[in-house]
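# Geometric and topological summary
If you want the building blocks of each chain, they are given just below.
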Amino acid sequence: MTKAEIIKRAAYLLGILRIGQALPADKNLRLDEAYEEVYDQLNNENIAIWDADVPDRIVPHMAALMALNACDDFGVSPARYQRIVGKANVALREIRKHAQPEYVSNDDPEDF
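Reference entry: report on the structure contained in this document. (Residues numbered from 1 in each chain as written. Predicted model: local features only at pLDDT ≥ 70, side-chain atom pairs only at ≥ 80, totals over all residues. Heavy atoms only, no water.)

## Focus on the packing of aromatic side chains
Within the structure shown, the criterion is met by 1 aromatic pair. Geometrically, the ring pair formed by Tyr35 and Tyr39 is stacked, given 6.3 Å between the ring centres and 5° between the ring planes. Within this pair, Tyr35 and its partner Tyr39 are both found in helix H2 (residues 25-44), separated by 4 residues, close to a single helical turn. Taking relative accessible area as the criterion, Tyr39 reaches 15% and is therefore assigned buried. (Phe/Tyr/Trp six-rings, centres within 6.5 Å; stacked < 30°, edge-to-face > 60°. Helix = DSSP H or I, 4+ residues; strand = E, 2+ residues; numbered from the N terminus. Buried < 20%, exposed > 50% of the residue type's maximum accessible area, 1.4 Å probe, protein only.)

The following block contains the structure:
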């Protein structure tokens, strides 16, 4: 999924975009910055497992982390903030899980 589509998802989570609306340029710019900040953080932890398009299984998690990153700039309600925090906590855990290589043993299974 492209960065623009993830920005829209983050905007929906923040409650600043409704279906059928266009995101104003200033809000789009702030969420673009949030994407870059979150990507840099994940990349520094070696868990950003993509270069261009974000894998579909990561998209909702990336949007949640972006929404958390930008919450203060959009004045979300306390209830919405709590939902975003909950989603972001799960998101980071899930991204870490997807970044781990699958373990494959080279040993033959043992029968006991």
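## Some remarks on the packing of H2 against helix H3 (residues 59-74)
In a packed pair of helices, the relevant descriptors are the angle between the two axes and the axis-to-axis distance. Direction vectors running N to C along H2 and H3 enclose 125°, while the axes themselves pass 9 Å from each other. Considering their axes alone, H2 and H3 lie oblique with respect to each other. Where H2 crosses over H3, the handedness of that crossing is right-handed. In contact with Lys27, Arg30, Leu31, Ala34, Tyr35, Glu37, Val38, Tyr39 and Leu42 of H2, H3 contributes Met62, Leu65, Met66, Asn69, Ala70, Asp73 and Phe74. A per-class count over the contact of H2 with H3 returns 11 nonpolar, 1 polar and 4 charged. (Axes fitted to C-alpha atoms, helices over the stretch in contact; angles between N-to-C directions. Parallel < 35°, antiparallel > 145°, perpendicular 65-115°, else oblique. Left-handed = near helix turned anticlockwise from the far one by under 90°. Contact = heavy atoms within 4.5 Å. Nonpolar A, V, L, I, M, F, W, Y, C, P; charged D, E, K, R; others polar.)

## Some details on the nonpolar core
Counting 36 residues, the largest nonpolar core has Leu14, Leu31, Leu42, Trp50, Met62 and Met66 as its most contacted members. For this core, the elements supplying multiple residues, two or more each, are helix H1 (3-14), H2, H3 and helix H4 (78-99). Other than its neighbours up to four places away in sequence, Met66 contacts Ile6, Ile7, Ala10, Leu31, Ala34, Tyr35 and Val38. (Core = buried A, V, L, I, M, F, W, Y, C linked by side-chain atoms within 4.5 Å.)

## Structural notes on the pattern of salt bridges
Within the structure shown, the criterion is met by 5 salt bridges. Residue Asp73 pairs with Arg30 through a salt bridge whose shortest N-O separation is 2.3 Å. Of this pair, Asp73 sits in helix H3 while Arg30 sits in helix H2, placing them 43 residues apart in sequence. The network of salt bridges with common partners includes Lys3, Asp32 and Glu36. (Salt bridge = Lys/Arg side-chain N within 4 Å of Asp/Glu carboxyl O.)

## Quick notes on H2
Its 20 residues give H2 an end-to-end C-alpha distance of 28 Å, which sits within 8% of 28 Å, the value for a rise of 1.5 Å per residue. For H2, every residue scored as buried is listed here: Arg30, Leu31, Ala34, Tyr35, Val38, Tyr39 and Leu42. The elements touched by buried residues of H2 are H1, H3 and H4. (Expected span 1.5 Å × (residues − 1).)

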